Amino acid sequence: MITKMKNVRCRGGSHLTSVVWLIIFCFFTAAFAKTPVRKIPRTSDSSALGVQLDIKNRQRVVVDNGLVEVTFSRPDGDVTGIKYKGIDNVLEIGNDEDNRGYWDVVWNKPGDSIIFDRLVATDFRVIMEDENQVEVSFTKTWDLSMGNSTVPLNVDKRYIVRRGQSGLYLYTILERLEGWPDVDMDQIRVVFKLQKDMFHYMALSDSRKRIMPMPEDRVSGQPLAYPEAVLLTKPINPKLRGEVDDKYQYSCEDKDNKVHGWTAEDPPVGFWMITPSNEFRVGGPNKQDLTSHVGPVVLNMFTSTHYAGKDLNTAYRNGEPWKKVLGPVFVYLNSISPTEDSSILWEDAKEQMSIEVNRWPYDFPQSEDFPSSDQRGAVTGQLLVRDRYVSESLTYASSAYVGLAAPGDVGSWQTESKGYQFWIRADRHGHFVIKNVRAGNYSLYAWVPGVIGDYKYDANITINPGSRIRFGHLIYEPPRNGPTLWDIGIPDRTAAEFYVPDGYPTLMNKLYTSDPAEKFRQYGLWNRYSDLYPNDDLVYTIGISNVEDWFFAHVTRDAGNKTYDPTTWQIIFELENVNRNENYTLRLALASATASEIQVRFNNPSSDRPLFTTGAVGKDNAIARHGIHGLYWLYGIDVPGSQLVEGKNTIYLTQARSEGPFHGVMYDYIRLEGPRGT
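What you see is a predicted model, and the numbers here were worked out from it, not measured in a lab.

## Focus on the overall build of the protein chain
Part 1: Broken down by element type, the protein chain carries four helices and 46 strands.
Part 2: Taken over C-alpha atoms, the radius of gyration comes to 27 Å for the protein chain, in line with the 26 Å a tight globule of 678 residues would show.
Part 3: Classification of the 678 residues of the protein chain by burial places 59% in the buried group.
Part 4: The long-range fraction of contacts in the protein chain, counting pairs at least 24 apart against all pairs at least 6 apart in sequence, stands at 72%.
Part 5: Of the accessible surface of the protein chain, which amounts to about 27,200 Å², a share of 47% is contributed by carbon and sulfur atoms.

## Notes on the sheet that holds strand E13 (residues 209-211)
Part 1: Judged by pairing direction, the sheet is antiparallel, and its nine strands sit side by side in the order E7-E8-E9-E10-E24-E19-E18-E12-E13 without closing on themselves. Each edge of the open sheet is held by one strand with a lone partner, namely strand E7 (123-129) and E13. The sheet shows a mean angle of 20° between the axes of neighbouring strands, direction not considered.
Part 2: The sheet contact formed by strand E10 (residues 167-176) and strand E24 (residues 322-335) spans nine bridges and is antiparallel. The partner of Leu 170 across the bridge, within E24, is Val 329.
Part 3: Packing of helix H3 (residues 343-359) onto the sheet brings it into contact with E10, strand E12 (199-203), E13, strand E18 (259-265), strand E19 (268-274) and E24, and relative to E19 it is tilted by some 30°.

## Some words on the pattern of salt bridges
Part 1: Throughout the structure, instances matching the rule amount to 32 salt bridges.
Part 2: Linking Glu 347 and Lys 350 is a salt bridge whose minimum nitrogen-to-oxygen distance equals 3.3 Å. Of this pair, Glu 347 and Lys 350 both sit in helix H3, three residues apart, roughly one helical turn.
Part 3: The class of Glu 347 is partly exposed, set by a relative accessible area of 30%.
Part 4: For Glu 673, the salt bridge identified is with Arg 671, shortest N-O distance 2.7 Å.

## Here's the deal with the packing of aromatic side chains
Part 1: This model, assessed by the stated rule, comprises 41 aromatic pairs.
Part 2: On the numbers, 5.2 Å between centres and 70° between planes, the contact of Trp 360 with Tyr 362 is edge-to-face. Residue Trp 360 shares its accessibility class with Tyr 362, and that shared class is buried.
Part 3: Geometrically, the ring pair formed by Trp 526 and Phe 662 is edge-to-face, given 4.8 Å between the ring centres and 80° between the ring planes. In this pair, Trp 526 is assigned in the loop between strand E34 (484-489) and helix H4 (528-532) and Phe 662 in the loop between strand E45 (647-655) and strand E46 (664-673), connecting sequence segments 136 residues apart.

## Some thoughts on the environment of Met 666
Part 1: Tracing the sequence through the fold places Met 666 in strand E46.
Part 2: Along the primary structure Met 666 and Arg 521 are separated by 145 residues, whereas in three dimensions their C-alpha atoms are 14 Å apart.
Part 3: In this structure Met 666 touches Ala 495, Phe 552, Ala 553, Leu 590, Ala 591, Ser 592, Ala 622, Ile 623, Gly 627, Ile 628 and His 629, once residues within four positions along its chain are discounted.

## What to know about H3
Part 1: Along its 17 residues, H3 runs 25 Å from first to last C-alpha, staying within 8% of the 24 Å computed at 1.5 Å per residue.
Part 2: By the burial criterion, the buried members of H3 are Ser 343, Ile 344, Leu 345, Trp 346, Asp 348, Ala 349, Gln 352, Met 353 and Glu 356.

## Concerning the nonpolar core
Part 1: Counting 105 residues, the largest nonpolar core has Phe 72, Phe 192 and Phe 271 as its most contacted members.
Part 2: At eight residues, the largest contribution of residues to this core is made by E24.
Part 3: Residues Val 244, Phe 520, Val 555 and Val 617 belong to the second largest nonpolar core, which totals 63 residues.

## Focus: the environment of Pro 276
Part 1: Residue position: Pro 276 is located in the loop between E19 and strand E20 (288-289).
Part 2: Residues Pro 276 and Ser 354, 78 residues apart in the sequence, show an inter-C-alpha distance of 8.0 Å.
Part 3: In this view, Pro 276 contacts Pro 328, Val 329, Glu 356, Val 357, Trp 360 and Tyr 362; residues no more than four positions away in its chain are not counted.

Parameters and conventions
Each chain carries its own residue numbering, running from 1 in the direction its sequence is written. Per-residue local features of the predicted model are confined to residues with pLDDT of at least 70, and side-chain atom pairs are confined, for both listing and counting, to 80 or more; whole-chain, interface and lining totals are unaffected and use all residues. Side-chain measures were taken over the full set of non-hydrogen atoms in the model, leaving aside hydrogen atoms and water. Only DSSP runs of H or I with at least four residues qualify as helices, and only runs of E with at least two residues qualify as strands; both kinds are numbered from the N terminus onward. Within these notes, the globule rule equals 2.2 Å times the number of residues to the 0.38 power, and the radius of gyration is based on C-alpha atoms. Only protein chains enter the accessibility calculation, which uses a 1.4 Å probe; a residue whose area is less than 20% of its type maximum is buried, one above 50% is exposed, and one in between is partly exposed. Residue contacts are counted whenever heavy atoms from the two residues lie within 4.5 Å of one another. Method for areas: the Shrake-Rupley scheme with a 1.4 Å probe, in which residue coverage is limited to the protein chains shown. Only when DSSP finds a minimum of two bridges between them are two strands counted as paired. Interaxial angles span 0 to 180 degrees and are taken between N-to-C directions of axes, which are lines fitted to C-alpha atoms, for helices over the stretch in contact. We define a salt bridge as a contact between a side-chain nitrogen of Lys or Arg and a carboxyl oxygen of Asp or Glu at a distance within 4 Å. For Phe, Tyr and Trp, rings pair up if their centres lie within 6.5 Å, where Trp contributes its six-membered ring, and each pair is then called stacked (planes under 30 degrees apart), edge-to-face (over 60) or tilted (otherwise). An expected span of 1.5 Å times one less than the residue number is assigned to each helix. What is meant by a nonpolar core is a set of buried Ala, Val, Leu, Ile, Met, Phe, Trp, Tyr and Cys residues, joined one to another through side-chain atoms within 4.5 Å.

That is the geometry; function is a separate question.
Shown next as C-alpha cells:
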C-alpha cells in the first residue's frame, strides 16, 4: 500500500483521494506507535563537506554544506528555499518567496491599528565564511523618514550554516534607540511554511502528535465561535470529518516547548524547530504559546500576548531604548529510508534537541551581543519555606521554580517581556543552580508548587561576566494570617485538578480523547457549564464535596439569543466557634481571568455591596484558547468575624461580567484562615 502513495500530489487545488488519505493515516498511526528500531547516524565535522557560500546572484544568497542547501532573498533576508535529501525545496513553493520562511513583528503606535511588519532588510553582509561555518547578516536601520510603514527598530537577522549540521541556526538582534517613537510590540516570531503536499504529520510531544488537516479543510469547514476554530465537515482525509481544528489546541508551556515540527512520508523526512534555551522568551517558564498549526506551519514565538493579554508588558514609552538578542534557535532536518519506522524521525529530533541544549550557550555565533559561557555568571542557593501553621520547622521548597528576571515587584516576571529570564527547577530539597546568566541586573524570584504566592529576594542582583553568586539558605514565608479552616484545590497555578467535562461528541479533537490530563484542550467546554447548571449554579459543601465537584472555569450562563447571565457559586461550610472581634482571611488565587469580576459576599447574597471585588480583571483569554491557566492572581481578603455565624455559613462568589461566553475565571486555590494566633 505504501508504494501506491508515491508521487501523489495535490497542487493547484486538486485533492488527494479518500483512499490515499486513509492509507496515509494508517501509515503514520501505525508507524509512530512502534518502538524505534535504530538511531539516525550523525555526520561528524571531519567527514562532512565544507560549507560553501554563493553570492554571485544579486537577489539570492545560497549556503550549502552538503546536507542542506539554504537560499535567502537578498537583501530582504527571508528564507526562500531549503533543499534537502533530493527535495528541491521543503518550503511551500506555491507561496510567494516572502511567505515561506520569515520573521515578523505585530506592533502599533498607541491608539492606532495593528500592523504586521515582516522585518524586511535593506542591506546584506557576510559575517564569517570558511569551510566550517558561514554566518550571514541581513540588516535594516530605521529612521524617521520611514514614517509609519515599518516598526521603529534596527534589525539584524543572522543565519548560520555549520559543517556537518543538518539544518540552519538563526537569531536576530533588535534595537530601539533612545528617543524613538512610542510603540507596542505584542508579538515577535519566526515562521516557516512547509510544502502542504508533503508534510501531514505534526509532533509536539510523545503524547501530542497526529495526522493534521489540510488548509483546504479549514476553508470548506464550518466556522465556530471565533475564526481560529473550524469544524471539519468535508476534509480531504475522511478520518478527520467531524473534528475541530484550532491552532490554540496545540499550544505549549515554554518550559516544555523545546522541539516540535512535522514529518513527511514520501520521502520520509522531518522538519523540526529546536529551542535550546528560553532565556529570550517572555513571561516565565509557564507562559503558553503557539507551536505549529495547519498550513503546515512551524512557529517559534519569542514574544506574544497569548494567554496573558496586554497585562504582559509590551509598551515602549517616552523614548525608552531597548536591545535584545532573540535566539539562536535551530531548524533541524532529518530523514530515514522509506522502509524504516517513521517514529525514528521524532525520536531523533528529541535526541538532537538534547544535544543542542547541552551545547548552550553556543560558542559559534559571531555577534558580540551574544555572550559565550565564559562571559556569563551563575547563581546557587537553597530555598526553604517557613509556614508555622503547616510545620514548626522549615520545609524544603521542593521542585520550586527559581528564576532571574528584570528587577520588579513580587511576581512581576510573569508580565515582563523586555529583558532576559533564566529559570530552573529546584531539586526536592530546594537546591538550585542557575547557570549561564547574561551579565546584567536582576531580581531573584520563585514560586513553589503546593504553596501559594510568590517569593522575591529583597535586593537586586548584579551578574558580572564570570561571577558566581552563592546565596546559601533563602526563606520564603508565604502569605498567611491564621490556621487553615478549609481549602479547595491545589496551589499549583492551574485549574487542572478540578472537574473538566467531556467535550461535545460533535466537536472533538481526537488527539485528546484518550488522555484525561489533556481534556481541557477540547473545543467548547465553556458551554458545558450551562448544560450542567441550566438554572441553578454550582454549590460546593466543605467536608462533603471534593475537587471533582468544582467546575474548572467560573463562566457565564448561556441565556439564549447570544445573551449571557452572571453566575454565583456557593461555598457552604460549618464553624463551631466564631471570634466576632477578629478578622478571618479568605485567600483567593486565580489561575486565569478574562474580562471578569469576582464579587465576594458572606451569608447575604443580595447585599448591595460585596465584601470584596476584584474589579475588572484579566485579559488572558485562556478559557477560549484551551489553556488550563493564564496569568496568576492572588488576593488576601479580610473577613470580619461579624460576617460569620456559628454553624452553617455560605460564601457567594459572583462572576459579574457577562457580555459574552468567555468572560470568567479559573480558580487555582481557595482557603479560609482563622484569626491570628488561633
